[in-house]
Amino acid sequence: MTSTPRIGTVMWPMQSWPEAGRLWRRAEDLGFRHAWVYDHLAWRGATPWYDAYTTLAAAAAVTSRVRLGTLVTSPNFRHPVPTAHAIKTIDHVSGGRLSVAIGSGGTRRASDAGVLGGEDWTPGERASRFAEWVELLDLLLRGPETTFEGTYYTARDVVSEPGCVQRPRVPFVIAGDGPRGMRLAARHGTGWVTGGHAEGREPQDVVRSRLAALDAACEAEGRRIDDRILMTGFSGEPWLDSPGSFADLAGRYAELGITEIALHWPRPGTQFEADMKVFEAVAAEHGEGR
């Protein structure tokens, strides 16, 4: 019998403290297994938009059970060395509740691409930077000392002790739908995340084919990725039309092999608008507090 996927939520880093802290505590109280935050400087130009890692550190201090993470950390404006330092710190503050999802970074300048200046990255360069970024971050978090000379990133005599609370390091969730991203996930990830959207295709067909590609990549690496996360809200499916609609869709994706569902916290006036009562009912029925 296929079990219903575990559920998490994507938070919006748009409220100042302490209002934001109240919302993170509410996410925990509702029973979500994980609560994520986008890592951008200003997502699609939205303001205010607070820093992801600072937000996670604060959220870690006011929660005690829910797992926390970025969805996803962006190489567009972060270097692996200070990022690793922040990750270790939050892992300690949270008592080992942090996961780090990592992607190749978006291409919209209104979000973070190109904000540091310079030439636009080609798709090939973006993929290569992504792979090297993940490789170096992995080394930095495993420690105890790292020196690395790459094409795009360097690190010299970086001491990592005392390291992460979680061993051998904080879990990586890799966002990669193409062949190179799949190989990267299979090599370094304990989790994988997809949005399930592709122009002109049914979302469930997209996810089915991507999961098959992920399995092939894992087989080639001799590894298994158990956490397979679907981030909802981009495919037009009625996830939060009703509790029954959620249960039906979650069951269909569970049969495909999805183990985790990430729902956006309802945000009025956007594509993520939803009835808060439905959102809370879904959490009550499918969350870890049920």
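Each chain carries its own residue numbering, running from 1 in the direction its sequence is written. Per-residue local features are limited, in this predicted model, to residues with pLDDT of at least 70; the limit for side-chain atom pairs, both in listing and counting, is 80 or more; totals at the level of whole chains, interfaces and linings are taken over all residues. Values shown for side chains rest on all heavy atoms present in the structure; no hydrogens or waters enter the calculation.

**Examining helix H6 (residues 203-221)**
Helix numbering and strand numbering both begin at the N terminus, where a helix is a DSSP run of H or I of at least 4 residues and a strand a DSSP run of E of at least 2. Expected span of a helix, by definition, is 1.5 Å for each gap between consecutive residues, and there is one gap fewer than residues. Counted at 1.5 Å a residue, the expected span for H6 with its 19 residues is 27 Å, and the 27 Å between its end C-alpha atoms agrees. Type-normalised accessible area, obtained with a 1.4 Å probe on protein chains alone, sets the label of each residue: buried when under 20%, exposed when over 50%, and partly exposed for intermediate values. Within H6, burial applies to Pro203, Val206, Val207, Arg210, Leu211, Leu214, Ala217 and Cys218. An end-on view of H6 places all buried positions within 125 degrees of arc, on one side of the element. Exposed positions of H6 whose direction lies more than 90 degrees from the buried face are Glu219 and Ala220. Contacts are assigned to residue pairs that have any heavy atoms within 4.5 Å of one another. Packed against the buried residues of H6 are helix H5 (179-188), strand E8 (191-194), strand E9 (227-231) and helix H7 (243-256). Each direction from the helix axis to a C-beta atom contributes to the arc, which is the arc of those directions.

**A closer look at the packing of aromatic side chains**
In this scheme Phe, Tyr and Trp rings, the latter by its six-membered ring, pair at centre separations within 6.5 Å, and the angle between planes marks the pair as stacked below 30 degrees, edge-to-face above 60, and tilted otherwise. Under the counting rule described, the total for this entry stands at twelve aromatic pairs. Look at Phe234 and Phe272: their rings are 5.6 Å apart centre to centre, the planes differ by 75 degrees, and that puts the pair in the edge-to-face class. Within this pair, whereas Phe234 is found in the loop between E9 and H7, its partner Phe272 is found in the loop between strand E10 (260-264) and helix H8 (276-286), the two being separated by 38 residues in sequence. The class of Phe234 is partly exposed, set by a relative accessible area of 23%. Between the aromatic rings of Trp239 and Tyr253, the centroid separation amounts to 5.6 Å while the plane-to-plane angle is 25 degrees, which identifies the pairing as stacked. In this pair, Trp239 is assigned in the loop between E9 and H7 and Tyr253 in helix H7, connecting sequence segments 14 residues apart. Since its relative accessible area comes to 4%, Trp239 is described here as buried. Owing to a relative accessible area of 1%, Tyr253 belongs among the buried residues under this scheme.

**Side note on the environment of Val193**
The residue Val193 is located in strand E8 in this model. Assessed through its relative accessible area of 5%, Val193 is described here as buried. Sequence separation of Val193 and Asp227 is 34 residues, and the distance between their C-alpha atoms is 8.4 Å. Residue contacts for Val193: discarding those within four places in its chain leaves Leu71, Val72, Val173, Ile174, Ala175, Gly176, Asp177, Ile229 and Met231.

**With respect to the sheet that holds strand E3 (residues 67-73)**
Neighbouring strands of a sheet are bound in pairs by backbone hydrogen bonds; such pairs are parallel or else antiparallel. Here, any two strands with at least 2 DSSP bridges between them count as paired. The strand order around the closed barrel formed by eight strands is E1-E2-E3-E4-E7-E8-E9-E10, and the pairing between neighbours is parallel. Looking at each pair of strands side by side, their axes are set apart by 25 degrees on average, direction ignored. Taken together, the four bridges between strand E1 (residues 6-11) and strand E2 (residues 34-37) define a ladder with parallel strand orientation. The residue bridging Met11 from the neighbouring strand is Val37, located in E2. Here the axes come from fitting lines to C-alpha atoms, over the contacting stretch only for helices, and the angles between their N-to-C directions go from 0 to 180 degrees. Seen against the sheet, H5 touches strand E7 (172-175) and E8 and runs at an angle of roughly 170 degrees to E7.

**Looking at the packing of helix H2 (residues 52-62) against helix H3 (residues 80-94)**
Look at H2 against H3: their axes get within 8 Å of each other, and the N-to-C directions meet at 10 degrees. Here H3 runs roughly parallel to H2, going by the angle between their axes. In this structure, H2 meets H3 at a crossing whose hand is left-handed. Seen from H2, the contacting residues are Tyr53, Leu56, Ala57, Ala60 and Ala61; seen from H3, they are Thr83, Ala86, Ile87, Ile90, Val93 and Ser94. Gly falls in the polar group here, along with every residue not listed as nonpolar (Ala, Val, Leu, Ile, Met, Phe, Trp, Tyr, Cys, Pro) or charged (Asp, Glu, Lys, Arg). For the contact of H2 with H3, the residue count by class is nine nonpolar, two polar and no charged. Oblique is the label for every angle not falling under 35 degrees (roughly parallel), over 145 degrees (roughly antiparallel), or within 65 to 115 degrees (roughly perpendicular). Each crossing gets its handedness from the near helix: less than a right angle anticlockwise from the far helix is left-handed, clockwise is right-handed.

**Notes on the side chain of Glu260**
Position of Glu260 relative to the elements: it lies in strand E10. Within polar-contact distance, the side chain of Glu260 engages the side chain of Arg6 at 2.4 Å. Side-chain atoms alone can form a polar contact between residues adjacent in sequence; in general such a contact is a pair of N or O atoms within 3.5 Å, and within protein one must be able to donate a hydrogen while the other accepts it.

**Let's talk about the environment of Ala59**
Residue position: Ala59 is located in helix H2. Once the C-alpha coordinates of Ala59 and Val93 are considered, the two residues, 34 residues apart in sequence, prove to be 9.5 Å apart. Among all residues touching Ala59, those that are not within four sequence positions of it are Trp17, Trp24 and Leu68.

**Some points on the pairing of E8**
The side-chain alternation of E8 yields two buried faces, one formed by Gly191 and Val193 and the other by Trp192 and Thr194. The pairing of E7 with E8 spans three bridges and is classified as parallel. By the bridge assignment for E8, Ala175 is matched with Val193. Here a crossover is taken to be right-handed if, once the strands point away from the viewer, the path from the first strand over the helix to the second is traced clockwise. Handedness of the crossover joining E7 and E8 through H5 is recorded here as right-handed. In terms of strand pairing, E8 meets E9 through four bridges, oriented parallel. Across the sheet, Trp192 pairs through a bridge with Arg228, a residue of E9. The parallel pair E8 and E9 is bridged by H6, and the resulting crossover is right-handed.

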